[in-house]
Amino acid sequence: MELIQETSDLSAYLAADEVVDHHHPLVRETAARLAEGAADSYAYARSAFEYVRDAIPHSHDSGDLRVTWRASDVLERRTGICYAKAHALAALLRAEDIPTAFCYQKFDEVHGLVAVRFRGAWHRQDPRGNKPGVDAQFSLDGERLAFAPDPKSNELDYPVLYAEPHPAVLSALKAAPDRLSLWRTLPTAL
């Protein structure tokens, strides 16, 4: 699948906003701590990915009812669904000047992940969190995502790389008082 940038302006994939608040002190502190042991930007990206994937539980897996959507809140509360974890990873990567996009897959609901730009190309990464049957890994040599769409079941990969989270995703996250309510309002298509 060919990934398509929403905008040709690469700086849009480094921007901060209310969701990807990479200027927030907690995001900066976390990024600095992860960067300390990284030999280069690739090693940092892997470390940030593994941190978000492993140290921040997916709220559905852990049973946490809180809904997070802002990157700094995900890091502070240490919880989030796929979208929120993607927001946190994007903030950590952009904090270290690594272009990061938001991308999505369609299953019963829309699933959120990110793409990072290395070696002149975009590489999708899924920080959702591993569990039995899910083994997502950071990779620039072939995708190692949490899930693979089944076209026979009308599942698909959306090719667009967004500079900001999709409005339908953000709207559902912001409006939900808890995860159970959110589950009823998750987008089923983009």
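Everything that follows concerns the structure shown earlier in this document.
Residues numbered from 1 in each chain as written. Predicted model: local features only at pLDDT ≥ 70, side-chain atom pairs only at ≥ 80, totals over all residues. Heavy atoms only, no water.

Chemist: Describe the overall build of the protein chain, with residues and values.
Modeler: Of the regular secondary structure elements, the protein chain holds seven helices and six strands. When the helices and strands of the protein chain are read in sequence order from the N terminus, they spell out β-α-α-α-α-α-β-β-β-β-β-α-α. Here the C-alpha atoms of the protein chain give a radius of gyration of 15 Å, agreeing with the 16 Å that 2.2 N^0.38 yields for 190 residues. Across its three principal directions, the C-alpha atoms of the protein chain cover 40 × 35 × 35 Å. Evaluated residue by residue, the protein chain yields a buried proportion of 51% over its 190 residues. In the protein chain, the proportion of contacts linking residues at least 24 apart, taken out of those at least 6 apart, comes to 60%. In the form shown here, the protein chain has an accessible surface area of approximately 8,600 Å², with 49% of it arising from carbon and sulfur atoms. Of the charged side chains in the protein chain, 21 are positive and 28 negative, and the gap between their average positions amounts to 3 Å. (Helix = DSSP H or I, 4+ residues; strand = E, 2+ residues; numbered from the N terminus. Rg over C-alpha atoms; globule rule 2.2 N^0.38 Å. Buried < 20%, exposed > 50% of the residue type's maximum accessible area, 1.4 Å probe, protein only. Contact = heavy atoms within 4.5 Å. Areas by Shrake-Rupley, 256 points an atom, 1.4 Å probe, with all protein chains shown as cover. Lys, Arg positive; Asp, Glu negative; His and termini not counted. Charge placed at Lys NZ, Arg CZ, Asp CG, Glu CD.)

Chemist: I'd love a proper account of the sheet that holds strand β2 (residues 100–106), names of residues and values included.
Modeler: As summarised here, the arrangement of the four strands in space is β4-β3-β2-β5, forming an open sheet in which the pairing is antiparallel. Looking at the sheet topology across the chains shown, the edges are occupied by β4 (121–125) and β5 (156–157). Sitting on the sheet, helix α5 (residues 82–95) is in contact with β2 and β3 (110–118), with an inclination near 15 degrees to β3. (Pairing = 2+ DSSP bridges. Axes fitted to C-alpha atoms, helices over the stretch in contact; angles between N-to-C directions.)

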